[in-house]
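Residues per chain are reported as follows:
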Amino acid sequence: MSSTYGFVPYEILPVLPAVPFDGSFGWLPPLPARRSPLTYEEEHGDGSLASLPRLRTEARGRGLEIPEVFMRFVATPAIYERVPSITGCFLEFSMGVVRDPSSSRGGMLRFLNDSQGCAFWYLYMTPSGDHCILASDQWLDGGDDEQSALDPQQYFWCAQSLEHFLYRFWLEDEIWTRVKRKQPLSPEQQQYLADAIAARHRLPAPSQRIDGSHPTSC
C-alpha cells in the first residue's frame with residue numbers, strides 16, 4: 001500500500017483491551033496538546049457533513065442504513081476532534097454509496113482518507129443492518145463509471161464495527177506518538193505494543209500472503 005501503511009492479517013493483530021463500545025465514545029480521552037485532530041477537509045461541499053442527509057437517503061433507497069453510531073461520530077466535533085492522526089487523515093465522504101464489488105447487496109461509504117492518498121477507509125453496510133469497516137488503497141467516489149472496475153480483492157476487512165476501528169486507530173496513534181516523544185506508555189499500551197511486535201514474526205512470507213478479502217456480510 002505504502003511505506004506508511006501495510007497489510008497485516010486481521011487474525012494476528014493484537015487483541016484490543018476490554019473496552020465498553022456502547023456508542024458513547026466514553027473511552028476516548030480529550031485530545032492531548034500539540035496533536036492534530038481529525039477534521040473535515042471542507043466545511044461545505046459534496047464530501048462534507050452537509051452531504052450526509054443525501055447519502056443517508058441514497059443508502060435507504062438501496063435497502064441500507066447508515067448506523068446511528070456512525071452518524072453520531074461524524075456529526076459531533078466534540079467526538080471526532082478527540083481522535084488524533086499522525087498522518088494527517090481527514091474526514092470526507094464519497095459522492096455516493098458504492099455498490100459491493102463482491103456482488104452481494106451491501107454498500108460502501110468512504111469516510112476517512114489519508115492525507116497523501118495512500119489509504120482509505122469505508123463503512124460497509126449490509127441489508128440486515130450490520131456494519132463493519134474496510135480498508136483499501138483504492139479511492140472510490142460512488143460514480144457509475146467506476147463500478148465495473150471494482151476489484152473485491154482490493155478491499156480488506158479491518159474492524160467489526162466503527163468503534164472497534166476507531167479504538168485501534170486511536171491506540172496505535174497514541175503509542176507511536178509516545179514512543180517517538182520518549183513518553184511512558186500505559187500498561188495497556190505496553191501490552192499492545194509487545195503483542196504487535198510478536199505478531200510481526202508471524203507474518204506470512206510475501207509470496208504466501210493473501211491479496212485481500214471482501215465480506216459479503218459483517
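Everything in this summary refers to the structure shown in the same document. Residue numbers run consecutively from 1 along every chain, following the written order of its sequence. Only residues with pLDDT of 70 or above have their local features reported here, since the model is predicted, and side-chain atom pairs are shown and tallied only from 80 upward, although totals for entire chains, interfaces and linings are computed over all residues. The side-chain values count all of the structure's non-hydrogen atoms but skip hydrogen atoms and water molecules.

What follows concerns the overall build of the protein chain. Counting from the N terminus, the helices are DSSP H or I runs at least four residues long and the strands are E runs at least two residues long. Secondary structure assignment for the protein chain yields six helices and six strands. Element order for the protein chain, N to C, with α for helix and β for strand: α-α-α-β-β-β-β-β-α-β-α-α. The proportion of buried residues among the 218 residues of the protein chain is 45%. By definition, residues are in contact when any of their heavy atoms lie within 4.5 Å. Excluding contacts between residues fewer than 6 apart, the proportion of contacts in the protein chain whose partners are at least 24 apart in sequence is 63%. For the protein chain, the computed accessible surface area is about 11,300 Å², with 52% contributed by carbon and sulfur atoms. The buried label applies to any residue whose accessible area, calculated with a 1.4 Å probe on protein chains only, is under 20% of its type's maximum; exposed applies above 50%, and partly exposed to all values in between. Per-residue and other accessible areas follow the Shrake-Rupley method at a 1.4 Å probe size, with only the shown protein chains counted as cover for residues.

What follows is about the pattern of salt bridges. Just to be clear on terms, a salt bridge is a Lys or Arg side-chain nitrogen sitting within 4 Å of an Asp or Glu carboxyl oxygen. Inspection of the entire model under this criterion finds nine salt bridges. Arginine 35 is paired through a salt bridge with aspartate 173; the nearest N and O atoms lie 2.5 Å apart. Here arginine 35 is found in the segment before α1 (52-61), whereas its partner aspartate 173 is found in helix α5 (residues 162-180), with 138 residues between them in sequence. As far as burial versus exposure is concerned, arginine 35 and aspartate 173 are alike and both buried. A salt bridge links glutamate 92 to arginine 110; the shortest N-O distance between them is 3.3 Å. On the criterion of sequence distance, the pair formed by glutamate 92 in the loop between β1 (90-91) and β2 (98-99) and arginine 110 in strand β3 (residues 107-113) is long-range, its members being 18 residues apart.

In this structure, Phe73, Phe111, Trp121 and Phe165 are the most contacted members of the largest nonpolar core, which totals 46 residues. Only α1, α2 (68-75), α3 (77-80), β3, β4 (120-125), β5 (131-136), β6 (156-159) and α5 provide two or more residues apiece to this core. Put simply, buried Ala, Val, Leu, Ile, Met, Phe, Trp, Tyr and Cys residues joined by side-chain atoms within 4.5 Å make one nonpolar core.

The next thing to look at is the pairing of β5. Counted residue by residue, β5 has six buried out of six residues, so it is predominantly covered. Burial of the side chains of β5 extends over both faces: His131, Ile133 and Ala135 are buried on one face and Cys132, Leu134 and Ser136 on the other. Only when DSSP finds a minimum of two bridges between them are two strands counted as paired. Sheet topology places β4 next to β5; six bridges connect them, and they run antiparallel. When the bridges of β5 are listed, tyrosine 122 appears paired with leucine 134. Between β4 and β5, which pair antiparallel one after the other, the connecting turn spans five residues, and glycine 129 there sits at a positive phi close to 100°. When β5 meets β6, the two strands line up antiparallel, connected through three bridges. If you follow isoleucine 133 over to β6, its bridge partner there is alanine 159.

Next up on the list: the packing of aromatic side chains. Classification of ring pairs uses Phe, Tyr and Trp, with its six-membered ring standing for Trp, and accepts pairs whose centres are within 6.5 Å; under 30 degrees between planes counts as stacked, over 60 as edge-to-face, and the remaining range as tilted. The tally for this structure, following the rule as stated, stands at 18 aromatic pairs. Both rings, one in tryptophan 27 and one in tyrosine 167, keep their centres 5.1 Å apart while their planes meet at 70°; by these two values the pair is edge-to-face. Remark: tyrosine 167 occurs in helix α5 and tryptophan 27 occurs in the segment before α1; sequence separation between them is 140 residues. A relative accessible area of 7% means that tyrosine 167 is categorised as buried.

Axis separation between α2 and α5 bottoms out at 10 Å; the angle between their running directions is 40°. With respect to their mutual orientation, α2 and α5 come out oblique. Two secondary-structure elements touch here, α2 through Val69, Phe70 and Phe73 and α5 through Leu162, Glu163 and Leu166. When the residues that make up the contact of α2 with α5 are grouped by side-chain class, the tally is five nonpolar, no polar and one charged. Angular values range over 0 to 180 degrees, each being the angle between N-to-C directions of two axes fitted as lines to C-alpha atoms, with helices fitted over their stretch in contact. Angular relationships are summarised with four words: roughly parallel below 35 degrees, roughly antiparallel beyond 145, roughly perpendicular across 65 to 115, and oblique for the angles in between. Side-chain classes are defined by residue name, with Ala, Val, Leu, Ile, Met, Phe, Trp, Tyr, Cys and Pro counting as nonpolar, Asp, Glu, Lys and Arg as charged, and the others, Gly among them, as polar.

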